[in-house]
Protein chains: 4
Amino acid sequence: MIRAGIVGGTGYTGVELLRILALHGQVEVAVVTSRSDDGTRVDALYPSLRGSINVSFTKPDVESLATCDVVFFATPNGTAMLMAEQLLVRNVKVIDLSADFRIKDANEWSKWYGMKHACPDLISEAVYGLPEINRAQIVDATLIACPGCYPTAVQLGFLPLIEQGLIETNHLIADVKSGVSGAGRKASVATLMSETGESFKAYAATGHRHLPEIAQGLSLAAGKQVGLTFVPHLVPMIRGIQATLYAQLEGDAATQLQTLYEQRYTHEPFVDVLPAGVHPDTRNVRGSNNCQISVLVPQESDTVVVLSVIDNLVKGAAGQAVQNMNLMFAFDEKQGLETIALYP
Amino acid sequence: MIRAGIVGGTGYTGVELLRILALHGQVEVAVVTSRSDDGTRVDALYPSLRGSINVSFTKPDVESLATCDVVFFATPNGTAMLMAEQLLVRNVKVIDLSADFRIKDANEWSKWYGMKHACPDLISEAVYGLPEINRAQIVDATLIACPGCYPTAVQLGFLPLIEQGLIETNHLIADVKSGVSGAGRKASVATLMSETGESFKAYAATGHRHLPEIAQGLSLAAGKQVGLTFVPHLVPMIRGIQATLYAQLEGDAATQLQTLYEQRYTHEPFVDVLPAGVHPDTRNVRGSNNCQISVLVPQESDTVVVLSVIDNLVKGAAGQAVQNMNLMFAFDEKQGLETIALYP
Amino acid sequence: MIRAGIVGGTGYTGVELLRILALHGQVEVAVVTSRSDDGTRVDALYPSLRGSINVSFTKPDVESLATCDVVFFATPNGTAMLMAEQLLVRNVKVIDLSADFRIKDANEWSKWYGMKHACPDLISEAVYGLPEINRAQIVDATLIACPGCYPTAVQLGFLPLIEQGLIETNHLIADVKSGVSGAGRKASVATLMSETGESFKAYAATGHRHLPEIAQGLSLAAGKQVGLTFVPHLVPMIRGIQATLYAQLEGDAATQLQTLYEQRYTHEPFVDVLPAGVHPDTRNVRGSNNCQISVLVPQESDTVVVLSVIDNLVKGAAGQAVQNMNLMFAFDEKQGLETIALYP
Amino acid sequence: MIRAGIVGGTGYTGVELLRILALHGQVEVAVVTSRSDDGTRVDALYPSLRGSINVSFTKPDVESLATCDVVFFATPNGTAMLMAEQLLVRNVKVIDLSADFRIKDANEWSKWYGMKHACPDLISEAVYGLPEINRAQIVDATLIACPGCYPTAVQLGFLPLIEQGLIETNHLIADVKSGVSGAGRKASVATLMSETGESFKAYAATGHRHLPEIAQGLSLAAGKQVGLTFVPHLVPMIRGIQATLYAQLEGDAATQLQTLYEQRYTHEPFVDVLPAGVHPDTRNVRGSNNCQISVLVPQESDTVVVLSVIDNLVKGAAGQAVQNMNLMFAFDEKQGLETIALYP
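Okay, so let's go over this structure.

Procedures and definitions
Residues numbered from 1 in each chain as written. Chains lettered and ligands numbered in written order. Predicted model: local features only at pLDDT ≥ 70, side-chain atom pairs only at ≥ 80, totals over all residues. Heavy atoms only, no water. Contact = heavy atoms within 4.5 Å. Buried area = accessible area lost by both parts, 1.4 Å probe. Salt bridge = Lys/Arg side-chain N within 4 Å of Asp/Glu carboxyl O. Polar contact = N/O pair within 3.5 Å; in protein donor to acceptor, adjacent residues only side chain to side chain. Helix = DSSP H or I, 4+ residues; strand = E, 2+ residues; numbered from the N terminus. Nonpolar A, V, L, I, M, F, W, Y, C, P; charged D, E, K, R; others polar. Pairing = 2+ DSSP bridges. Axes fitted to C-alpha atoms, helices over the stretch in contact; angles between N-to-C directions. Buried < 20%, exposed > 50% of the residue type's maximum accessible area, 1.4 Å probe, protein only. Least-squares fit on C-alpha atoms with pLDDT ≥ 70 in both.

1. Details of the interface of chain D and chain A
Link 1 in the chain: Facing the 48 residues of chain D at the interface are 48 residues of chain A.
Link 2 in the chain: Summed over both sides, the interface between chain D and chain A buries roughly 3,900 Å², with carbon and sulfur atoms accounting for 53% of that surface.
Link 3 in the chain: When the area that chain D buries against chain A is broken down by residue, the three leading residues are Glu198(D), Phe200(D) and Tyr246(D), summing to 16%.
Link 4 in the chain: Between Lys177(D) and Asp175(A) there is a salt bridge whose closest N-O contact spans 3.0 Å.
Link 5 in the chain: Between the two partners, chain D and chain A, sit 34 residue pairs in polar contact (both at pLDDT 80 or more).
Link 6 in the chain: When contributions to the side of chain D that touches chain A are tallied by element, the ones reaching two or more residues are strand 8 (172-178), helix 9 (193-196), strand 9 (201-202), strand 10 (228-234), strand 11 (241-248) and strand 14 (303-310) of chain D.

2. Here we look at the interface of chain D and chain C
Link 1 in the chain: Taken together, the contact between chain D and chain C spans 34 residues of the former and 34 residues of the latter.
Link 2 in the chain: Taken over both partners, the interface formed by chain D and chain C buries close to 2,800 Å², and the fraction arising from carbon and sulfur atoms is 64%.
Link 3 in the chain: At the surface where chain D touches chain C, the tally comes to two salt bridges.
Link 4 in the chain: One salt bridge in this structure joins Asp272(C) and Arg50(D), with 2.7 Å as the shortest N-O distance.
Link 5 in the chain: Listed by contribution, the elements that provide at least two residues to the side of chain D that touches chain C are helix 1 (12-22) and strand 12 (271-273) of chain D.
Link 6 in the chain: Element by element, the count of residues in the side of chain D that touches chain C is highest for helix 1 of chain D, at five residues.
Link 7 in the chain: Tallied by class, residues from the side of chain D that touches chain C come to 18 nonpolar, seven polar and nine charged.

3. Quick notes on the sheet that holds strand 2 (residues 27-33) of chain D
Strands in a sheet are paired, the pairing made by backbone hydrogen bonds, and the direction either parallel or antiparallel.
Residues and elements named next belong to chain D.
Link 1 in the chain: The parallel open sheet is built from seven strands, whose spatial order is 3-2-1-4-5-7-6. A single partner strand is all that each edge strand has here, and the edge strands are strand 3 (57-58) and strand 6 (127-128).
Link 2 in the chain: The pairing of strand 1 (residues 2-7) with strand 4 (residues 70-73) spans four bridges and is parallel. Looking across to strand 4, one finds that Ala-4 is bridged to Val-70.
Link 3 in the chain: Relative to strand 5 (residues 93-96), helix 12 (residues 314-328) is tilted by about 160°, and along the sheet it contacts strand 1, strand 2, strand 4, strand 5 and strand 7 (143-145).

4. Things to note about the pairing of strand 13 (residues 291-296) of chain A
Residue and element names in this part refer to chain A.
Link 1 in the chain: Among the six residues of strand 13, six are classified as buried, and the element is accordingly described as predominantly covered.
Link 2 in the chain: What you see with strand 13 is no split at all: Cys-291, Ile-293 and Val-295 on one side and Gln-292, Ser-294 and Leu-296 on the other are buried throughout.
Link 3 in the chain: Here three bridges tie strand 12 (residues 271-273) to strand 13, and the two strands are oriented parallel to one another. Note on strand 13: the bridge partner recorded for Val-271 is Cys-291.
Link 4 in the chain: Here five bridges tie strand 13 to strand 14 (residues 303-310), and the two strands are oriented antiparallel to one another. Residue pairing for strand 14: Val-295 is matched across the bridge by Val-306.

5. What to know about the environment of Leu313(B)
Link 1 in the chain: Tracing the backbone through its elements, the reader meets Leu313(B) in the loop between strand 14 (303-310) and helix 12 (314-328).
Link 2 in the chain: With relative accessibility at 3%, the residue Leu313(B) sits in the buried group.
Link 3 in the chain: Counting along the chain gives 164 residues from Leu313(B) to Cys149(B), while the straight-line C-alpha distance between them is 7.6 Å.
Link 4 in the chain: Non-local contacts of Leu313(B), meaning those with residues more than four positions away in its chain, are made with Pro344(A), Tyr12(B), Thr13(B), Glu16(B), Ser181(B), Arg239(B), Ala318(B) and Gly319(B).

6. Some details on the relation of the copies chain D and chain C
Link 1 in the chain: Least-squares fitting of chain D to chain C yields an RMSD of 0.0 Å, with the transformation described by 0.0 Å of translation along the axis and a rotation of 180°. On the angle and the small slide along the axis, the relation comes out as a two-fold axis.
Link 2 in the chain: The fraction of interface residues of chain D whose copies in chain C are also interface residues reaches 100%, indicating that both copies meet through the same surface.

Quick look at the structure:
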């Protein structure tokens, strides 16, 4: 058993971590912090956890967090970069679910996140926690930058095409749709049910913070700078992301794409290439750590379409964080993550 | 490991059984039948089960079902009563999730279900599978009549009051609200999303099939015939039942109700009496086998209000069926049922 | 054409007033106030109004409001009572959609609303704007207290029974369900889509602010104090209220209830008694000013059940306010309110 | 007053026609047909229409339909082509909301719709009822092929770019999302609330019937064959379509696009180009005949993104049909269509 701490346990990624870790089997949830709810039992705020989590929120405090083997940051951007170093020097492994260590260029990060980076030296040390590309480095990492939800869905969808050099990479298009839990658990008019229910819209179409993260990942895979148009949308549901990806095929690979995708992910426990002709549906991964993917070329054109779905709070956040933890502590990579999607 | 069969595996209670049994640990799902989908892989119909369930649907057939230790009927009403006897004589335990064996009076059953009972002799043998009242009998049972979803929520809510004789029982009121998955997975205009989304209504207010079942259970607990008004409603959500129960208190028990409820259910693994002042919310039991209950007396009146929530597909169907199976096979009663509700 | 002002035009009742008044035909929307959005075009905040409303928000100001013939208060509780008198003395008619003038007993009001009443002298002058009981007084009124949303649905449902003395009035039960727009348009965690979507709960079961208002109205109709248990619930939809009302019949009126209800409301333009056996559904009044009602006695019991639905923002707020305005200004009572519910 | 008939009045486009025509002012709804509901009052099936529509369904019959001035076909594909000619020869104008006359090439139509066209001679006579491109021909038409819902949203979004020759037209991408009412009101498992609620998916990505219709329209505008990838998606909401359109700009028009769009639609009563930087939201057109559009070029790239929203049942079906009728009968084009979207 290892001891885990969660900084910022009152948001949706925090409570999702608790749901997963409570049944993990090799992890004791030792510390859960929240400034605003200090002293409150966790299961008083989240009655779904009654009987499963038996701790109270405490103020974030390095001393108590340093008693843990691993600390997850489920905090707003800008918090982990203030505390990570103090934990790392005490041999606590850090898994950051926020954006603080995702972008390798600190200036680029500052531009998109509107603040100066407090800890630029650590950025290069941080391993980008997408096991499907970085498994080996994750095993040895002490600081993990967990990918964003959109970047997870988009990168897993595009990677096989880009790695094999099968598409023109200057005009990649990612039309991505997310449930509202992606906006987090904070008081806001924009994400009231009356505002988001029964309606659909694009937002941040001119530039969303996940754009540089996705572009960085795809460019690394391509070995050159890619051009990406990324338009996020808000779906009137709680959980789930669906990415529809478009690119122009170069060469004559259309008929081999199904096999290519199956082979690329054949050993991946959480990426599931669907049979040809089946469309993924977010409900089929709701509550699970799976990514389900389809690839197709409509109407004998030269445009390839990839459909990729995840649960934004699981493979897009807390589940992927636990997958990283499993790798870092040499647990079975699937430990605690073998839940089946809740359908219907 | 025991071998389990599921008759009628294509409905929502069937797929929910599969979700639970796939991770149970002591059960092999050996046979899953469906007339219409004979030969189709189960995970082709339900991609959420990819990687977890590795069988195909077969036609219902006594021979193959008889190779199982237990057979679940997740069928429309009127099917289990045709097959149960043949399985029981071959020493297969039968857990019926339909209504065939719930009502002890075969004539009453016929009146509500619109058909003659094909197997009235077995009715008295069947044990009503509500562990919170019948645990001992369930352990020894070979044929279980699993309670309906509404009856589970209503009986668990009313039982402490009725068992203690604290309320007037001629005018019990159960105002109950259900998500649409209770209507099952069958082609129908009435349960299209366009018909049920963004809308709320009562239905069957003059008499719903679950009325005699609830009245039977409460009358047994009361030791006399109770009078019950039961109005079901359809909520624009998929899973969950919330029962709001009203009764007139007799005597002066108002201040002791919280304690009474806590004591009644203190040893029940799946009934959770919430702290005084907390309202249950269906989201907090979504996907779990829990029933969360509150009891209160508003405004110093003599009307007691009980609030009770379950997931209609879990504690109201498949989860409760597995709880019964665990008891019948001397597994830990909680085996396979320790999932945490999916929040948000 | 009359000139209308709206104080607090940024909430849901405000924008609903704008939707209705924009097409009314005899009303010019002259002033719309909002402290926070002063200077912003109304249709910049509400693009649904582009092309229909051509004004900007201004700071609330008695001088400019006094240029109107009628001023609507679509404000939080506690605002109208500060401004109403200044407008009334300038011969501006005031229609208050908040709770400030609904409760005749100022102390009772203070107890439920948590503040001292700033203008108790006006309370007796205010006419409770439920046309179905107060039409004559409304015609002559200068200050209208528009009923709350729950009180409208519950009173219209109970009135025929109470006026005719057909039920025992000490144990009335109102189990009422509302869409989330009833909670208003303010930043809040509790009404985020992630919190309220796909879930159902009771709230404020020990005492909701609408309880004294309903009890006051029903007691007036009964000619004596009634006893009422009122439990509100939150439905995962945006618009709509459904009230399920229970009472014990005294005497032998069960078979005459359908006729009684039809006669009571035969001349009411916005109360529609459905044919026997039909359940009302909130979708059938969504966006319209109608109340649809059914009455039934299940299973030959002595418990009468009334089902009543409204759109909480229309008949429960803005529509009823305009109905009052029509009466006060001698317009056709239906003017501007003949829209048909948006189905599906 | 003209007399209107509706063939197939029980589907969602039929009932939406009834909602609009009931308040149109110059139209008497004289005949509403339905084979399955012959003899039933329309408002018994649709209680939202109580008090507004006072007719009963009748069997479809040319004699009675021929008493009308105009007949709308709100039928499944394949019905209008069997009856249109008989009505046209009796001087009844025909407005077909189905797909029967949309595709100019009868063989192409047969390929996509899976049946032989029964009336190919009429195809060339039919005017494609998109007023924004065909207003003059519509005025003189006797047979209108109303555009599909997806084609309306996509064409209105792409037209300004294509008409001005500003984009590369071999690789147009239309990623379009629709509420479930687009699937119609027929018994089906796939569109149950339990199947479509809280989930999002692409469907028919390899080829949807609206693809040839959109391609035909855009090719006409371009003066050459365009290449189009069209991926439709199902959104867990009832009404609304959002199209996200992508194309590569040719030349240097990026900064002039806002003006271009505003000018293109400046005289269009139902197309509203939003201010730069505002994203359209389907809720802002729900229940109205408006199309709201934004155009943008993200991140100084050469990819133009157009966002276009409509209510699929109004501008995408019944509202556009009435707009066509208004033009054909020289009514004000906006008559009966000036409703404001229902927000929230």
